[in-house]
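# Summary of the model geometry
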Amino acid sequence: MSRGNLLISAILWLVVALFVIYPLSFLIIESFKIAGTDQYGLKNYIDFFKDSYYLKTFANTLLLAVLVLITTTLIGLPLAYILARYRLKGKVLFTALILLPIVLPAYAGAFALIVFFGKMGTVNLLLMDWGLISKPINFVFGLHGLVFIQSLHLLPFIVLSLSAGFTNIDPSLEEAAEVEGAGGFKRFLTVTLPLTSPNYLAGAVIVFLWPFTDWLTPLIFGQVDFLPSISYINISYHFTDMHRKYMGIVSVVVSSIICVGIFLASKTWVERKKYTALSKGTTLEGRIIEPGILTKASAYAYMFFIAILVLLIPVVMGLSAFSRRWVLQPFPSYWTLDNFRLIFLETPVLLKNSFLFSGVALIFGVAFGLPAAYLITRTKVPGKDTLDFVITLMLAFPGIAVGVSYLLAFWEGIPLATHWIIMPLSLFVRRLPYFLRMAHASYLQLDVSLEEASEVSGASKMKTFFNISLPLLLKGVFVGLVMFFIMAFQEISTAIFLYRGGWETLPIGIYLNWHRGMEFGIAGAMAFLMIVIIFILLLIVARIGGGILGAAWGSSGGRY
Amino acid sequence: MAFIKIEKLLKKFGTMVAVNHIDLEIEKGEMLTLLGPSGCGKTTTLRCIAGLEKPDEGDILIDGRPMFSKGFVPPSQREIGMVFQNYAVWPHLRVFHNIAYGLKLQKLSKHVIKEKVTEALDSVGLTGLGRRYPGQLSGGQQQRVALARALVRNPKVLLLDEPLSNLDAKLREKMRFEIKSLVRRMHMTAVYVTHDQAEAMVISDRIAVMETGNIVQVDVPEEIYKKPANRFVADFIGTTNFIPGEISEAPRDRDLIHVKTEFGQKISCRVFDSAAAVVNQKVHVSIRPEDIEVFTKSPEGRDNLFKGTIQHRAYLGNFLYFFVNVDSTMIRVQVAYDVRQKEGEELFLYLNPEKCIALT
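Residues numbered from 1 in each chain as written. Chains lettered and ligands numbered in written order. Predicted model: local features only at pLDDT ≥ 70, side-chain atom pairs only at ≥ 80, totals over all residues. Heavy atoms only, no water.

### Overview of the pairing of strand β11 (residues 214-219) of chain B
Residues and elements named next belong to chain B. In terms of strand pairing, strand β10 (residues 206-211) meets β11 through five bridges, oriented antiparallel. Counted as the bridge partner of A208 is V218 from β11. Where β10 folds back on β11, the antiparallel hairpin that results is connected by two residues, among which T212 adopts a positive phi of roughly 40°. (Pairing = 2+ DSSP bridges. Helix = DSSP H or I, 4+ residues; strand = E, 2+ residues; numbered from the N terminus.)

### Focus: the sheet that holds strand β7 (residues 80-83) of chain B
All names here are of chain B. Within the open sheet, the six strands sit side by side as β7-β8-β9-β3-β10-β11. Their pairing is mixed. Both edges of this open sheet fall to β7 and β11, since each of them pairs with a single strand only. Pairs of neighbouring strands in the sheet enclose a mean axial angle of 15°, with direction left out of account. Alignment of strand β8 (residues 157-161) against strand β9 (residues 189-194), held across five bridges, turns out to be parallel. Within the sheet, the bridge partner assigned to L159 lies in β9 and is V191. Taken strand by strand, helix α4 (residues 139-151) contacts β7 and β8, and its axis lies near 170° from that of β7. (Axes fitted to C-alpha atoms, helices over the stretch in contact; angles between N-to-C directions. Contact = heavy atoms within 4.5 Å.)

### Here we look at helix α6 (residues 122-129) of chain A
Residues and elements named next belong to chain A. Listed as buried for α6 are T122, V123, N124, L125 and L127. Along its buried surface, α6 packs onto α5 (106-117). G131 sits one or two positions beyond α6 and adopts a positive phi of about 75°. (Buried < 20%, exposed > 50% of the residue type's maximum accessible area, 1.4 Å probe, protein only.)

### Structural notes on the interface of chain B and chain A
If you look at the interface, chain B gives 22 residues, while chain A gives 22 residues. Counting the contacts that link chain B with chain A gives two salt bridges. A salt bridge links R47 of chain B to E175 of chain A; the shortest N-O distance between them is 2.6 Å. Inspection of the chain B/chain A interface yields nine residue pairs in polar contact (both at pLDDT 80 or more). Counting residues per element, the ones that place at least two in the side of chain B that touches chain A are β7, α2 (95-105) and α4 of chain B. Along the lines of polarity and charge, the residues of the side of chain B that touches chain A split into 12 nonpolar, seven polar and three charged. (Salt bridge = Lys/Arg side-chain N within 4 Å of Asp/Glu carboxyl O. Polar contact = N/O pair within 3.5 Å; in protein donor to acceptor, adjacent residues only side chain to side chain. Nonpolar A, V, L, I, M, F, W, Y, C, P; charged D, E, K, R; others polar.)

### Some words on the confidence of the model for chain A
For chain A, per-residue confidence averages 83 on the pLDDT scale, and residues scoring 70 or more make up 94% of the total. Considering only residues more than four positions removed or in separate chains, one finds that residues 547-560 of chain A, a stretch of pLDDT under 50, has 54 contacts. (pLDDT = per-residue confidence, 0-100.)

### Some points on the pattern of salt bridges
Counting across every chain of the model gives 28 salt bridges over all chains. A salt bridge links E290 of chain A to R87 of chain A; the shortest N-O distance between them is 3.2 Å. Here R87 of chain A lies in the loop between α3 (52-85) and α4 (91-99) and E290 of chain A lies in the loop between α12 (242-273) and α13 (293-321), a separation of 203 residues in the sequence. Judged by relative accessible area, which is 42%, R87 of chain A ranks as partly exposed. In this structure, the salt-bridge partner of E178 of chain B is R144 of chain B, at a minimum N-O distance of 3.0 Å. Placement of the pair is E178 of chain B in helix α5 (residues 169-185) and R144 of chain B in helix α4, with a sequence separation of 34 residues. On the basis of relative accessible area, E178 of chain B is assigned to the partly exposed category, the value being 27%.

### Let's talk about the nonpolar core
Counting 182 residues, the largest nonpolar core has W215, Y232 and Y511 of chain A as the members making the most contacts within it. Of all the elements, helix α24 (residues 520-545) of chain A adds the most residues to this core, at 14 residues. (Core = buried A, V, L, I, M, F, W, Y, C linked by side-chain atoms within 4.5 Å.)

Quick look at the structure:
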């Protein structure tokens, strides 16, 4: 064990302690504080669980999570099967389209849906114009709308994990069932489906936990009675009301505990269940079926349907971005570039901030992620597994927990919150595992003997890293970089608690403009701009990372 | 009529012809091996019999029932058992349920299933391991589960696709005999695919040697070894020497012909393909290393006697290989382990004409 490795380990632990463990423990301690006193106790938690309102909120969130999981599973299962198993033209394109919501901000989808399906939205207005209905139908406001938009947003996670499962099954396992006398559907039920269950669970956890972390979408749909939303409202708007503030903090902690608990439970289960591949000779693409004409037609129809729903988001955002006064009309009629003029000329600071904060967060991410990946894959430094565990845990922590804990922890004592560096810092911590996981995965694929050969030839460890490892890791690292940037770029749940005047980012701008109600066009233009920027970045990843699917996979590990 | 009948079977993958119009008949209760190097079409042929691949042309009949050409019977209805190269034991099912899978589909009673599975477990030597998950078994044990699963329904045909290739050498050898005796005991008709010629020799009643999508020879193991149909078979089965030359004399009334070798000497040898026994025909004379006798002094009155120098001497424990240089042609000779000659010494090789075969 070299001293260099120990030093790296010490520095990484210091960063984790200061920016992860310290604020999060601060949050937990704060949740035990009894308002108005210097004492600590369980009072807040007792109040929380005794209050029928908060219990209802809790139950609502749980219900939403269950409904979203059921919906995504029912829609995603056939879709994943189609994408994984059928030989179809244009599959890559459809895959890319269907996976698009992974990188689109959830709030953009919610806006688009309201504009299109809302009470005075395109669909209702058209139906009324044609005389099919006399009163607008409530398509989206309420639980059903929330289930719909969150399902659309989370569908890719289920599809990705299931289709990976379908692809990875050794074809001979299904052939054996076939030979044993099990025809089509029977075989699917008894062999295929059980074998994909570990993959499914990995995706299902992400889907199930989302309603415990997404505070904004319910608010956009006029709903507050969900755990994350009520936390946000309590903490941001009622910080003078001590009771509500502490109820907010308790909800954040309760959400976090649920998220981390379910995350850990599923992780354990998956690791125990993971069916080790026995075979050596499986084909890369798994079992591909040539579909019959009828199957083919229905598969295309199904993919089209989902793709259109997904495409609705950028299209509607685009329409509102290039128009003004799109009210009570099925489609906008006044076209203008005014919105963009406003963004670029009058408030360029939003764009600047977005790039600056995401960029700085990215630098932090690389400076932390590369050495961490090296440490975890290539050394035997004591405590490295714990370090890995703590970092991975950040996948499960709701963004709101990071935001609130930063607000609490870095206000007094370490007064970082008064400097803009807190913004990129919180983004970095929030997305801590992303870059690390990419670098980690690339490191695992890099044969150690390539590095050993360099050392035997006389290069130092440092020289070996820069001359051999880094160039070979570059592709994976680059994909990790871009995905990290995309995620940081659209981040709102952490930043919303920490921003001050002049630190607004594009997502915050979207939120504020929507919140003021009147400036929907600007919010739409900003969302559209973000979609365009993200799309360009994705194209770069897809070119370099080999396949859009692969690019999307980089982010599929979890996003809250 | 043969139990399995394959006629003019053609299977293409894109433009690549994997199986090229082959004919094959397999008798009831016979164990036939499809043998050949990788890419020769043996596994594709097996998968066509199983119904896991749909042929492009040809007929397949099992027990008189058409499987292909007149319609296509899916694998689930062919009443076959199959052992896969990677065992394909379902990791999410206990051993018992792996084996019971096909029985349950036949809607047999619980009691009967239990009895049959227990019996199958006993027959492959896995008594009492029914409650284990496959992940808790060794590779060899998983392989036995696969075998039990394939046999438990008493299928019409047992198909084995390189079932031993993932096992270590010692276990592989042991399992060869176990599979053979089990299949024989059950009077099972079996088709076995392997690229290991030693395995094929041990396990088969007959061997069909395949090369680039064609069957080049079908016969019992001894005949394949002794009378290979062409150079490919002679080379693939066992070890042999090839001496290139040209037929100089081919008398019709005699068994033996004469070949003029490249190093200018004459070899008397046999030829099985009379069409090839034409003067000036280019041939390779094949002789196995163990069929060559060595002498330190030239024995009197023998043909096919060649003088050479020992170039290398390789000790393999139970015997020795001499690589003997005869006028720049290297000939491998197998001799007893206690032969004393050293590298560089001279020897006389006697190539028994009865054992020399001219191949085109």
